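Each chain, written out:
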Amino acid sequence: MSRSAHPAGPRHADVLPEGHYAAPPADLNVLDPKVWSQTVTRAADGAVSVGGIEVARLAEEFGTPAYFLDEADFRARCAAWRDAFGPDADVFYAGKAFLSRAVVRWLHEEGLNLDVCSGGELSTALSAGMPAERIAFHGNNKTEEEIERAVEAGVGRIVLDSFQEIVRVAHIADRLGKRQRVQIRVTVGVEAHTHEFIATAHEDQKFGIALAGGQAAEAVRRALKLDGLELIGIHSHIGSQIFDMAGFEVAARRVVGLLAEIRDEHGVELPEIDLGGGLGIAYTSDDDPREPHEIAKALNEIVTRECEAASLRTPRISVEPGRAIVGPTAFTLYTVGTVKPLDGLRTYVSVDGGMSDNIRTALYDAEYTVALVSRRSDAEPALVRVVGKHCESGDIVVKDAFLPADVAPGDLIAVPATGAYCRSMASNYNHALRPPVVAVRDGAARVIVRRETEEDLLRLDVG
Ligand code: LLP
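About the thresholds
- Residues numbered from 1 in each chain as written.
- Predicted model: local features only at pLDDT ≥ 70, side-chain atom pairs only at ≥ 80, totals over all residues.
- Heavy atoms only, no water.
- Helix = DSSP H or I, 4+ residues; strand = E, 2+ residues; numbered from the N terminus.
- Buried < 20%, exposed > 50% of the residue type's maximum accessible area, 1.4 Å probe, protein only.
- Polar contact = N/O pair within 3.5 Å; in protein donor to acceptor, adjacent residues only side chain to side chain.
- pLDDT = per-residue confidence, 0-100.
- Contact = heavy atoms within 4.5 Å.
- Near = heavy atom within 4 Å.
- Areas by Shrake-Rupley, 256 points an atom, 1.4 Å probe, with all protein chains shown as cover.
- 1 Å grid on protein atoms, 1.4 Å probe; cavity = no way out; pocket = protein on both sides within 12 Å on 5 of 7 lines; lining within 4 Å.
- Sits in = over half its atoms within 2 Å of the grid points.
- Nonpolar A, V, L, I, M, F, W, Y, C, P; charged D, E, K, R; others polar.
- Domains from an automatic or database assignment.

Trainee: Describe the environment of N358, and please don't skip the residues or the numbers.
Mentor: With respect to the helices and strands, the residue N358 is situated in the loop between β15 (346-351) and α11 (360-364). Note on N358: relative accessible area 0%, which makes it buried. When the C-alpha positions of N358 and Y368 are compared, they lie 10 Å apart, and in sequence the two are 10 residues distant. A distance of 3.0 Å separates a polar side-chain atom of N358 from the backbone nitrogen of R360.

Trainee: Give a description of the confidence of the model for the protein that names residues and reports values.
Mentor: Scored by pLDDT, the protein comes out at a mean of 93, with 93% of its residues at no less than 70. Ranking the elements of the protein by mean pLDDT puts helix α8 (residues 246-266) last with 95 and strand β4 (residues 66-70) first with 99. Counting interchain partners and residues more than four positions distant, the pLDDT-below-50 stretch residues 1-14 has 36 contacts.

Trainee: Please provide a residue-by-residue account of the site of the ligand, values included.
Mentor: Of all residues adjacent to the ligand, which total 19 residues, the nearest are S240, E320, R323, R360 and Y421. Here an oxygen atom of the ligand and a backbone polar atom of R323 are 2.8 Å apart. R360 places a polar side-chain atom, nitrogen or oxygen, 2.5 Å from an oxygen atom of the ligand. In the complex, 92% of the free accessible area of the ligand, which totals 580 Å², lies under the protein chains. Among the detected pockets, the ligand sits in the second largest pocket. Looking at the shell around the ligand residue by residue, the classes come out as 6 nonpolar, 7 polar and 6 charged. Composition of the shell around the ligand by domain shows at least three residues from each of domain 1 (3-70 + 328-460) and domain 2 (138-321).

Trainee: Break down the side chain of E306 for me, citing the residues and quoting the values.
Mentor: The topology assignment puts E306 in helix α9 (residues 292-309). With near-sequence residues (within four places) excluded, E306 lies in contact with R253 and V256.

This is the structure:
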């Protein structure tokens, strides 16, 4: 591995171009435990390990780019959420963040439930043995075939997202001679403080049925009349990567308000509410996420208080964290291919992946950090942009970060907190082969999703 220094690029805070980044950290060799998974450590010689295995060994065995998932950390996060909410609530892991059969088995073993939002996720869940009654089925436009499979399998709940779907699910359940447990997803009119594309509870977007104007109350009226449906509760998901509990507070208040209206109009107290997912994680050292026990305490208090005020029995609460469980558990490992210092600007470090394995930076302006993980370096910090190998200038993995100025081709660099929405949103752009996901635990590493091959690509191309 080359350790040669490259020509001088911009290095110190006093010569940094304008941009959105913090000053370089005091020591680039220190890995902030906030953004790296639990078992990541750096030895005195600078080599970084996860689950007791050095990244250089992992790169040799599995290649790069690759996602390495810290299984112990994943399980610990599941347990933290499960224990924080206790036996009187339900935690549904949101499979869209990342789903594989190994993950389904871990969830099952750790006592979590699973939220799926497509036939593909449903098949993955069922094929890995998740009991159907522990699955929630979501989506704003489920196909008839998906609904049929879900009802047939006996999923614990289908979350209804439109007036059409209320009728569609009821008919399918009737036809199959079943009564399907359902929730109605409502939009509570909260403007979540997050990127527009991942905010979901304001009115002008595609999800849910608005509380405003009595739409949600009308949906409840219709659902209660249909024999094929057992309406068990109301669902709200306000968006993603949220740190502030204020949005959840407003959502809970409005959902409980609807429960009170339902009680007054129909004489029924719905037994459940689901407050969705969306809890933020630390992508960089500037983020300060809340711990599951703080979140559980806050949500329980809000719901209990609102129910007492409305003289309602406190419903069973469920939540659907995806990112907060899997996000921090994985990093993407890349090999540096080229290093281009641009005088007075920054140094472009090109890696062997890019927007095909992490679209979040291009799509949401997401922030990430990066570290040199194959060796120690005491070179001064250089402002870098980590870019991929795709034919697009927006192909940016890490927009602004610092690496040692001697970063060079052949070095291994890693981007932490890529467990959520990176492999699951990966693409074959430029016919890139989607990287593998390797689970690492107690000195053993195993592929849980294998790397794609050119054969895989050609198999789909039927000529
Ligand atoms: N429940 C529902 C109904 C959802 O729609 C979502 C996410 C979740 C739970 C889980 O949210 P989480 O806890 O993971 O934030 N691709 C975007 C995120 C889209 C989230 C869609 N729904 C990203 O990369 O940030």
